[in-house]
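Chain by chain, the residues:
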Amino acid sequence: MWLKPEEILLKNAFKLWVTEKDNEYFVLQRRRGYGEGGGGLTGLLVGTLDTVLDSTSKVAPFRILHHTPDSQVYWSIACGMSLFLLSPLLPHPIKADSATKEEIVEHWEWLQQNIMRTLSVFDSSDDITSFVQGKIRGLIAEEGKVSLVLEDDPEKFREALLRFEKWFELPQKEKLVTYYSCSYWKGRVPCQGWLYLSTNFLCFYSYLLGAEVKLVISWDEIWRLEKTSNVILTESIHVQAHGEDHYFSMLLHLNETFLIMEQLADYSIKRLFDKESFQREPALSDPLQITKRGLETNARSEQFRAFFRLPKEENLLEVHESFLWVPFSHYNTLGKICLSENYLCFASQDGSQCHVIIPMREVQCIKAHTPALLSRALTVCVRGKRALRFSEVRDYERLANTIRSRCGITASPLHSASTEVTHFYYCVFLSLQGPCVTNPFFSIISWNIHFSEYGRGTSMFFTKKTRDLIVRGVPEALRGELWMLFSGAVNDMATHPGYYTELVEQSLGTSTLATDEIERDLHRSLPEHPAFQSDTGISALRRVLTAYAYRNPKIGYCQAMNILTSVLLLYAKEEEAFWLLVAVCERMLPDYFNRRIIGALVDQAVFEELIREQLPQLVEHMTDLSFFSSVSLSWFLTLFISVLPIESAVNVVDCFFYDGIKAILQLGLAVLDYNMEALISCHDDAEAVTILNKFFDSVTNKDSPLPPTVQQASVGNNDKASHVSVDISELIREAYEKYGTIRSEEVESSRKRNKLYVIQTLEDTTKQNVIRVVSQEVKFSASHLDELYYLFKRQHFLSCYWTMNSPVLLHHDPSLAYLEQYQLGFQQFSMLFSLLEPWTLCTGKSNLSLWVFRLIDENQDGLVNFREFCYALDTLYSGSFTNKLKFLFKLHLPPGRGKVDLQAYLKQWQDEILKKEETIKDLPRINQTQFIQFSKTLYNLFHGDPEEEALYRAVAHVTSLLLRMEEVGRRLQEPSSPTKPATATREGLPSEEAVTSPESSDASSTHSGQDAGSSLSEVEWSFSFEQVLASLLNEPAIVSFFERPTLIQTRLDQAKEIRQNTSFLDFYSAHAEIKIHEE
């Protein structure tokens, strides 16, 4: 066990210890009298002394000391505590000592692997000792935390939570999920400290030798998250964010830590970037309820659903180790029973690759056998007179009762094909079966034999032999049935009877953008096939695509769905084709069929990694693998249907439904490997594309019953003759033989790892597009816009971290135009605007922010986008005196009309394109109340300025001048009208003599508002912008103030510094204050 480091001055006092292992920094010692040899007379004395002492004074038989070469001081850091010392009544202390030595050796090896390489980077012995001590203390705390978690004692977690809140000052709503002791590498020197993982942030804190290290990274900023190893670090976690690399090592539970980090990063990506995926996971919908246990449970359920191809509603509830009797092999295979709400599944763990899925609706009875007959066994009887026997189940009686309580009575769909095999066919099959059965007749026989041995339907055994038959090719008559079974679509259809019919009726006659695109592509779907040359096939295709678009409007319809659905309809009934499409789009190829095709881009990145690993010769010749990404996009989107002849492509679809995306990746590698020499010798991308196209055209399927007239068009005879034909079955077999070692778990791990990078790359592309558009409308430089975009985006996320009902989060839609991706509500806008507006000493900023927000929110939806935000800042920083004054003038005009619908918004957008640039004559006149507020705004802007006194007098002079002009105009229009009302109105504004300080201006303005209200009913007067502009142009102080250059970079630097030095708690408090003020 690890010990709190204690100083030992004499490492070998009285020769009580024998050194067994040592190196430059550590020593492993055994106490004399223990172990082999006994230590002679000295050992006998020591052993006697240890025996007569009470249990509290006894010394551990093994220990590890830490020291440095230039010091005589040693530190005890670990010991091997004998079980005999803990319980003297044990009958066999020698065995206990053996276990003790194993423990101390395990500690020694851990130090060798994780600490020794690290210590070489330190410059002084003191730094080495401090680091080792800190690491050991962290390990002790880690072990204590694990034991406390097992005992459900939250006291340790409360202490960690208090430290987390104190060190990082995040809002109280920020949920700490878990924490770990680890080392963070800052440069070449590790800092021992604590890693805190919360819902929205990855945090690290260390304080050693007076040096404090604090790190806060939000999950949505991470580009890379992976486990790595190098010369110094045997195993570490690599995090890349903001272009910087961060490494965390020496974790006691590295795999567990990485799993939680991976889950939190994926959770943040789905919640903030990919709302469609997030809405499909209600278990993690509330960020305030996320827990470590919940994340681990969700990860296990995801893996469970992906492996067994189950609906998204299923969750892994129980796992039991057991043996399953495999009748066709006549032996028990070791594995695990996995139980969900509606399914009982089993997967072997002994390399037999056997698994079975039993829907609860298929179970007819459960028999729990007494231990006298079978060892803790239970038998599950399913429809079709089949039974599965599980043995060595620890809690078999409770499991049997659980299954009984969950069983349904709904039967699965019956299949028309016979499951019986005649003896004659069986004998013929055995006599003629070779290494590859190619004749369709014998292919059906081989599958019937397989059904007779392994079962048929939803409870069929999946084994290596099943995959071998898939690789050889599926008979035409069985293809639809097996696709439904392997994809899990059979379960979806069985649990949703009548659902497809309802969708067809509801979607009938609807007209949307999706239905328009479907109509456009209907006749482009396998036009050479007879099935789609008549209205029957076209109508079926239309109904399936329209029903799915109605079911999932987030996806709607995307190109490539028509090609895939056409192939599905060739081998499955209409309703079955619909459920197969659901399984592909929502389960087997997630995020493929949307506007950003994130899933396809992720799998392209996985494909690139596999090319680097499996085809190094090709990588040496073509260092830029982006070519293969662009070429392979259609491979992934259409499962090779768009590039291979249809009779060959269906064999690929067979493998896909059984092995998922792994089959497509394997085949892609086999295609590149087959054309390796030709690709290496090509000179450009165009030549490489030609080589691959010729290869695909040469792929044939000698078992296909389709006539040549329905095959896809191929190249000319000369070109085809120059390329040797390749049978699709041989190509698939070669793909499985060469690349079958690729594990599905590795593919899924690579998918998660690359998804972060793909998402961030798309975000970066979005940023570049937004900056390119906005830069044409403002005078800010590209670098300034880049910094503004970062601040704007961070402010957007700040409003999403701790609530599910944030308006910006609810309105966020990745499919929207670039400029509408991120928007700010008033609270977020006000905070950011106050940091960036040019008038640093301005008072009444909340009112100014509100008016600016209302002005630039043109469609009045309560949100502003980045372009609108930049327009306001650009006017205030780079606009001319007239433009700045016009902007302030418009702030005090009444807000525009309410929120408009889409059609009205498009019309408004068209009008804006056609209309001419707004002139000062187009602005409406400002009335009495608005002009008073306009004057007050000018006073607030001038507050704290060095020329404050002169500016106040200038404003007072302008207001007096304008009122006199108004009075003269009224006299000319109505010579007999009294002048008292106008005079009363003038009293509502401060005179030149009255304005001497900001306080007097505020008081005067307040008084003016009250007087204005009383005089408004008597006399109504207003000013045009031309009058206000002409009056202010005569005041040099005001002109100089607005034309004074202000650098946006200064405000950007200040805003970033405030963000770094001010705690999130202060920002969050500021949000609350703004909200209270608004209310």
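Residues numbered from 1 in each chain as written. Predicted model: local features only at pLDDT ≥ 70, side-chain atom pairs only at ≥ 80, totals over all residues. Heavy atoms only, no water.

Inclusion rule: UniProt positions are given in the numbering used here, feature names are shortened, and annotations may be inferred rather than shown by experiment.
An unreviewed UniProt entry lists the protein chain under the name TBC1 domain family member 8B, from Myripristis murdjan. Recorded in UniProt for the protein chain, the comment headed Subunit (unreviewed entry) runs: "Interacts (via domain Rab-GAP TBC) with RAB11B (in GTP-bound form)."

**What about the overall build of the protein chain?**
In plain terms, the rule: Think of it this way: any DSSP run of H or I at least four residues long counts as a helix, any run of E at least two long counts as a strand, and we number them from the N terminus. To sort residues, take the accessible area from a 1.4 Å probe on protein chains only and compare it with the maximum for the residue type: under 20% means buried, over 50% means exposed, and anything in between is partly exposed. Only heavy atoms enter the contact rule, under which two residues are in contact if any of them lie within 4.5 Å.
Regarding its fold elements, the protein chain presents 45 helices and 26 strands. Taken over 1079 residues, the protein chain has a buried fraction of 52%. Across the protein chain, every contact between residues at least 6 apart in sequence was considered, and the portion connecting residues at least 24 apart equals 68%.

**Quick word on the packing of helix 31 (residues 782-798) against helix 33 (residues 826-836)**
Filter applied, for reference: Note on geometry: axes are lines fitted to C-alpha atoms, helical ones only across the stretch in contact, with angles between N-to-C directions running from 0 to 180 degrees. By definition in this entry, angles of less than 35 degrees are roughly parallel, angles greater than 145 are roughly antiparallel, angles of 65 to 115 are roughly perpendicular, and the rest are oblique. By the definition used in this description, the sense in which the near helix is turned from the far one sets the handedness, with an anticlockwise turn below a right angle giving left-handed and a clockwise turn giving right-handed. Three categories are distinguished: nonpolar for Ala, Val, Leu, Ile, Met, Phe, Trp, Tyr, Cys and Pro, charged for Asp, Glu, Lys and Arg, and polar for the others, with Gly belonging to the last.
Where helix 31 contacts helix 33, the two axes come as close as 10 Å, and the packing angle between them is 150°. Relative to helix 33, the element helix 31 is oriented roughly antiparallel. Handedness of the crossing formed by helix 31 with helix 33: right-handed. Residues Leu788, Leu791, Phe792 and Gln795 of helix 31 pack against Gln828, Met831, Leu832 and Leu836 of helix 33. When its residues are assigned to classes, the contact of helix 31 with helix 33 shows six nonpolar, two polar and no charged.

**A short note on empty space enclosed by the protein**
Note the cut-off: Lining residues are those with an atom within 4 Å of a point, where the points come from a 1 Å grid over the protein atoms alone and group into cavities, where a 1.4 Å probe fits but cannot get out, or pockets, open sets with protein on both sides within 12 Å along at least five of seven lines. Grid points are joined across faces, edges and corners, and a volume is the space filled by probe spheres set on the points.
Under the defined criterion, the tally for this structure stands at twelve cavities of 30 Å³ or more. Computed from the structure, the second largest cavity encloses a volume of approximately 70 Å³. Lining of the second largest cavity is provided by Leu225, Phe258, Glu262, Ala265, Asp266, Lys752, Arg753, Lys755 and Leu756. For the lining of the second largest cavity, the per-class residue count stands at four nonpolar, no polar and five charged.

**Quick word on the confidence of the model for the protein chain**
Which entries qualify depends on this criterion: Each residue carries a pLDDT value, the predictor's own confidence for that position, ranging from 0 to 100.
Scored by pLDDT, the protein chain comes out at a mean of 77, with 75% of its residues at no less than 70. The low-confidence segment residues 708-721 (pLDDT under 50) makes 21 contacts with residues lying over four places distant or belonging to another chain. Across residues 896-900, confidence stays below pLDDT 50; counting only partners more than four residues off in sequence or on other chains, it has eleven contacts.

**Quick word on the sheet that holds strand 12 (residues 244-249)**
Our working rule: For two strands to pair, DSSP has to find at least two bridges joining them.
The strand order across the open sheet formed by seven strands is 9-8-7-6-12-11-10, and the pairing between neighbours is antiparallel. Each of the sheet's edge strands pairs with one partner strand only, and the pair in question is strand 9 (211-218) and strand 10 (222-228). Put simply, the sheet's adjacent strands are angled 30° from each other on average, direction ignored. Of the strand pairs in this sheet, strand 8 (residues 201-208) and strand 9 are connected by eight bridges, and their pairing is antiparallel. Bridge assignment links Leu208 to a residue of strand 9, and that residue is Ala211.

**Some thoughts on the sheet that holds strand 20 (residues 461-462)**
Taking strand neighbours across the sheet as the criterion, the eight strands line up as 17-18-19-13-14-15-16-20 in an open arrangement whose pairing is antiparallel. Edge positions in the sheet fall to strand 17 (363-368) and strand 20, since each has one partner strand and no second. As paired elements, strand 16 (residues 355-359) and strand 20 share two bridges and run antiparallel to each other. Within the sheet, the bridge partner assigned to His355 lies in strand 20 and is Phe462. Contacts between helix 9 (residues 292-308) and the sheet are confined to strand 14 (331-339), strand 15 (343-348) and strand 16, with strand 15 contributing the most and set at about 85° to the helix. On the sheet, helix 10 (residues 396-406) packs against strand 13 (318-326), strand 14, strand 15, strand 17 and strand 18 (378-382) and is oriented at approximately 160° with respect to strand 17.

**A closer look at the nonpolar core**
Note the cut-off: Only buried residues count toward a nonpolar core. Its members are Ala, Val, Leu, Ile, Met, Phe, Trp, Tyr and Cys residues joined through side-chain atoms within 4.5 Å. For the domain bounds, the source is a domain assignment made automatically or taken from a database.
By size, the foremost hydrophobic cluster in this structure holds 137 residues, and its most contacted members are Phe390, Phe486, Met561, Phe593, Trp635, Phe657 and Leu672. If one sorts the elements of this core by residue count, helix 20 (residues 574-588) sits on top with ten residues. Looking at which domains feed residues into this core, each of domain 3 (294-405) and domain 4 (598-742) supplies at least three. For Phe593, the residues in contact, after removing those within four places along its chain, are Ile555, Cys558, Gln559, Ala560, Met561, Leu564, Val584, Cys585 and Leu637.

**Some words on the UniProt feature "domain: EF-hand" (unreviewed entry) in the protein chain**
Look at the UniProt record and you will see "domain: EF-hand" (unreviewed entry) annotated at residues 852-879. Across residues 852-879, the secondary structure splits into 64% helix and 7% strand, with the terminal C-alpha atoms separated by 15 Å.

**Digging into the pairing of strand 8**
Burial within strand 8 is extensive, with six of its eight residues counted as buried. Bridge count between strand 7 (residues 189-198) and strand 8: four bridges; the pairing is antiparallel. When the sheet's bridge partners are listed, Trp194 is paired in strand 8 with Tyr205. Count of turn residues in the strand 8/strand 9 antiparallel hairpin: two residues, of which Leu209 carries a positive phi of about 55°.

**Topic: a negative patch on the surface**
Threshold: Patch membership requires more than 30% relative accessible area and the absence of a salt bridge. Residues of like charge join within 9 Å; the nonpolar side chains Val, Leu, Ile, Met, Phe, Trp and Tyr join within 5 Å. Using the Shrake-Rupley algorithm and a 1.4 Å probe, accessible areas are obtained, with residue cover drawn only from the displayed protein chains. The working definition used for a salt bridge is a side-chain nitrogen of Lys or Arg within 4 Å of a carboxyl oxygen of Asp or Glu. When charges are tallied, Lys and Arg are placed among the positive residues and Asp and Glu among the negative ones, while His and the ends of the chain are skipped. Note on charges: their place is set at NZ of Lys, CZ of Arg, CG of Asp or CD of Glu.
Residues Asp624, Asp684, Asp685 and Glu687 make up a contiguous surface patch of negative charge. You can see Glu687 is positioned in helix 27 (residues 685-698). On the basis of relative accessible area, Glu687 is assigned to the partly exposed category, the value being 31%.

**Regarding helix 25 (residues 661-674)**
In plain terms, the rule: An expected span of 1.5 Å times one less than the residue number is assigned to each helix.
Compared with an ideal rise of 1.5 Å per residue, which puts 14 residues at 20 Å, helix 25 spans 20 Å between its outermost C-alpha atoms and is within 8% of the ideal. Among the 14 residues of helix 25, 13 are classified as buried, and the element is accordingly described as predominantly covered.

**Let's talk about the packing of aromatic side chains**
Any two aromatic rings considered together are summarised by their centre-to-centre distance and by the angle between their planes. Filter applied, for reference: What counts as a ring pair is set by centres within 6.5 Å for rings of Phe, Tyr and Trp (its six-membered ring), and what kind of pair is set by the plane angle: stacked under 30 degrees, edge-to-face over 60, tilted for all other angles.
Overall, the coordinates contain 56 aromatic pairs when judged by the stated rule. Ring centres 5.9 Å apart and planes at 70° place the aromatic pair Trp2 and Trp110 in the edge-to-face group. A residue pair is termed long-range when its members are at least 10 positions apart, and Trp2 in strand 1 (residues 2-8) and Trp110 in helix 3 (residues 93-114) qualify at 108 residues. Side by side, Trp2 and Trp110 carry an identical accessibility label, which is buried.

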